[in-house]
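Residue-level structure breakdown
As a plain string of letters, each chain reads:
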Amino acid sequence: MYCIKKINNDLFWVGGTDRRLALFENHYPIPNGVSYNSYLLLDEKTVLFDTVDRAISDQFLENIEAALKERTLDYIVVNHMEPDHCATLGQLAEKYPQVKIICNAKTVPIIRQFYNFDIDSRTIIVKEGDTFTSGRHTFAFVMAPMVHWPEVMVTYDTTDKILFSADAFGTFGAMNGNLFADEVNFKEEWIKDARRYYSNIVGKYGPSVQTLLKKASGLDIQMICPLHGPVWRSDIAWYIDKYIKWSSYEPEEKSVMIAYGSIYGNTENAANILACLLADRGIRNIAVYDVSSTHPSVIVAESFRCSHLVFASATYNAGIFSNMEHVLTELSAHNLQNRTVALMENGSWAVSAGKKMAEIISGMKNMTVLEQTITIKSSLKENQMAELTAMADAIAASVKGE
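Residues numbered from 1 in each chain as written. Predicted model: local features only at pLDDT ≥ 70, side-chain atom pairs only at ≥ 80, totals over all residues. Heavy atoms only, no water.

1. Considerations on the sheet that holds strand β11 (residues 123-125)
Pairing within the open sheet is mixed, and its seven strands lie in the order β1-β2-β7-β8-β9-β10-β11. Two strands in the sheet have a free side with no partner beyond their single neighbour: β1 (5-6) and β11. As defined by bridge partners, strand β8 (residues 46-49) adjoins strand β9 (residues 75-77) across three bridges and the pair is classed as parallel. Across the sheet, phenylalanine 49 pairs through a bridge with valine 77, a residue of β9. Set on the sheet, helix α1 (residues 57-68) makes contact with β7 (39-42) and β8; between it and β7 the angle comes to about 15°. (Pairing = 2+ DSSP bridges. Helix = DSSP H or I, 4+ residues; strand = E, 2+ residues; numbered from the N terminus. Contact = heavy atoms within 4.5 Å. Axes fitted to C-alpha atoms, helices over the stretch in contact; angles between N-to-C directions.)

Here is the structure:
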């Protein structure tokens, strides 16, 4: 049976939800599931905006058939060719042999890489500023390369002021009946998944996102239809502001994240003591993570949230504890910048983790490393509490801008 959600008089959500998938892109844990959004317009011509992942193909095809009733599918707009949004494109091309595919020139070779059907005879190539009319609706196309693939574009319905935003403004999380962001407690219950989605999937490409945001600022956007997560029809400016901060690598909060890599618990103990000292100095919303039990995507997301970061690592094989090294390379790969960092290192002999962590951080843009690096020899001693206190004072003063 089908599951269709009405957006307005002639636009329908025909996507689906996957709660069985454990790892998005076989990498990111999604304990709350994920949605794959596709939108069908029933105008004088029928237009489908993107398709879905193969995991929900049966539901998707039933939804389209039910929404079309006796009509055929005239056009498919491909905003993004990643398989979670194009895996059913071939099935639709076979099911609706007359369907035309609207995309930009960079999309065509990627379609050929995934499929063997005759794409050339079906394609309508569009470029920046081109328009297409389906009847009552006119659509303008805006190129968005590297948000987060080179062929990405977004589509703007000039009639109903709707932005079909591809992966921009998406989020992890399954749809639970409610389609619109104002029908759920997004700011409390969804924001962590939204931040983790942005920072890990799109975060590396902040300048490209900024370019798209500048283009979008000239549009009268009354609704955003992303490819993952709820549809936005109110308080849109709040969500756009999040994207402005994230894409400019501006911290959301003046707060501290502490990530530690501990083998026998001694480095963990120092991290916990530092967290308590920071709390005593009025720092709020402190986050502490064990890099061995926390997926790196969570730490990446929290690093986008917090203004100040502390990395505490045991020395391992004369270098950084392996899980901590993974976290730091992930942060570098996601282009994190504009943060203040403090370091703690531990080792029973030849302590070297701090120096090697600093080397990775020095390769990142505009990162300020505080002078108060703490070296622990096996376990924290009472006479080192003054050092830990001094680090807490320095971090707290920096957070407060003193």
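Next comes the rest of the write-up.
2. Regarding the pattern of salt bridges
Throughout the structure, instances matching the rule amount to 16 salt bridges. The shortest N-O distance in the salt bridge between arginine 195 and glutamate 252 comes to 2.5 Å. A residue pair is termed long-range when its members are at least 10 positions apart, and arginine 195 in helix α5 (residues 186-202) and glutamate 252 in the loop between α7 (236-247) and β17 (253-261) qualify at 57 residues. The residues arginine 195 and glutamate 252 share a single accessibility class, namely buried. Here the salt bridges do not stand alone but share partners, grouping Asp10, Arg136 and Asp160 into one network. (Salt bridge = Lys/Arg side-chain N within 4 Å of Asp/Glu carboxyl O. Buried < 20%, exposed > 50% of the residue type's maximum accessible area, 1.4 Å probe, protein only.)

3. Structural notes on the pairing of β7
Pairing analysis gives three bridges linking strand β2 (residues 11-13) to β7, with the strands arranged antiparallel. Note on β7: the bridge partner recorded for tryptophan 13 is tyrosine 39. Looking at chain direction, β7 and β8 are connected through four bridges and run antiparallel. Looking at β8, one finds that tyrosine 39 is bridged to phenylalanine 49. In this structure, the hairpin formed by β7 and β8 is closed by a connection of three residues.

4. Some remarks on helix α4 (residues 107-114)
Residues Thr107, Val108, Ile110 and Ile111 constitute the buried set of α4. Burial along α4 is one-sided: seen end-on, the buried residues are contained in an arc of 165°. Buried residues in α4 make contact with α3 (89-95), β10 (100-103) and β11. (Arc of directions from axis to C-beta.)

5. Some points on the packing of helix α8 (residues 266-280) against helix α12 (residues 385-399)
For any two helices packed against each other, the geometry comes down to the angle between their axes and how far apart the axes lie. At a minimum axis separation of 9 Å, α8 and α12 run at an interaxial angle of 50°. Judged on the interaxial angle alone, α12 and α8 are oblique. Crossing handedness for the pair α8 and α12: right-handed. Residues Ala270, Ile273, Leu274, Leu277 and Leu278 of α8 pack against Met385, Leu388, Thr389, Met391, Ala392, Ile395 and Ala396 of α12. The residue inventory of the contact of α8 with α12, partitioned by class, reads eleven nonpolar, one polar and no charged. (Parallel < 35°, antiparallel > 145°, perpendicular 65-115°, else oblique. Left-handed = near helix turned anticlockwise from the far one by under 90°. Nonpolar A, V, L, I, M, F, W, Y, C, P; charged D, E, K, R; others polar.)

6. Examining the side chain of aspartate 167
Relative to the assigned elements, aspartate 167 resides in the loop between β15 (162-164) and α5. Put simply, aspartate 167 is tucked away with no salt bridge, and the nearest opposite charge, on arginine 196, sits 14 Å away. Within the structure, the side chain of aspartate 167 is placed 3.2 Å from the side chain of histidine 80, a separation counted as a polar contact. A distance of 3.0 Å separates polar atoms of two side chains, one belonging to aspartate 167 and the other to tyrosine 197. Apart from the residues lying within four places of it in its own chain, the contact partners of aspartate 167 are His80, Glu82, His85, His148, Tyr197, Leu227, His228 and Tyr243. (Lys, Arg positive; Asp, Glu negative; His and termini not counted. Polar contact = N/O pair within 3.5 Å; in protein donor to acceptor, adjacent residues only side chain to side chain.)

7. Here's the deal with a nonpolar patch on the surface
A grouping of Ile263, Tyr264 and Tyr316 is seen on the molecular surface, where their side chains present a nonpolar patch of about 370 Å² in accessible area. Positionally, isoleucine 263 belongs in the loop between β17 and α8. (Patch = residues over 30% accessible without salt bridge, like charges linked within 9 Å, V, L, I, M, F, W, Y side chains within 5 Å. Areas by Shrake-Rupley, 256 points an atom, 1.4 Å probe, with all protein chains shown as cover.)

8. A closer look at the side chain of aspartate 53
Tracing the backbone shows aspartate 53 in the loop between β8 and α1. One buried charged residue, aspartate 53, forms no salt bridge at all, with the nearest opposite charge on arginine 54 at 6.6 Å. Separated by 2.9 Å, the side chain of aspartate 53 and the backbone nitrogen of alanine 55 make a polar contact. Not counting the four nearest positions on each side in its chain, aspartate 53 is found in contact with Tyr36, Pro83, Asp84, Ala87 and Thr88.

9. Looking at the packing of helix α9 (residues 296-305) against helix α10 (residues 322-333)
It is the contact of α9 with α10, at a shortest axis distance of 10 Å, that shows an interaxial angle of 50°. When the interaxial angle is binned, α9 and α10 end up oblique. The element α9 and its partner α10 pack so that their crossing is right-handed. When α9 is examined against α10, the residues Pro296, Ile299, Val300 and Ser303 are found in contact with a partner set consisting of His326, Val327, Glu330 and Leu331. Residue composition of the contact of α9 with α10, grouped by class: five nonpolar, two polar and one charged.

10. Some remarks on the pairing of strand β18 (residues 287-290)
As paired strands, β17 and β18 are joined by four bridges and run parallel to one another. Note that in β18 the partner of tyrosine 260 across the bridge is aspartate 290. Handedness of the crossover is the feature at issue here: the chain leaves β17, passes through α8, returns alongside β18, and the resulting connection is right-handed. (Right-handed = clockwise from strand over helix to strand, strands pointing away.)

11. Looking at the packing of aromatic side chains
Taken as a whole and judged by the stated rule, the model has 25 aromatic pairs. When the ring of phenylalanine 114 is compared with that of tyrosine 115, the centres are 6.5 Å apart and the planes differ by 50°; the resulting orientation is tilted. For tyrosine 115, a relative accessible area of 15% translates into the label buried. If you follow arginine 233 out to its NZ or CZ, it ends over the ring of phenylalanine 180, 3.8 Å from the centre. (Phe/Tyr/Trp six-rings, centres within 6.5 Å; stacked < 30°, edge-to-face > 60°. Lys NZ or Arg CZ within 6 Å of the ring centre and 35° of its normal.)

12. Looking at the environment of tryptophan 190
Turning to its location among the elements, tryptophan 190 is positioned in helix α5. Classification of tryptophan 190 as buried rests on a relative accessible area of 10%. With near-sequence residues (within four places) excluded, tryptophan 190 lies in contact with Thr171, Phe172, Gly173, Ala174, Val184, Asn185 and Pro230.

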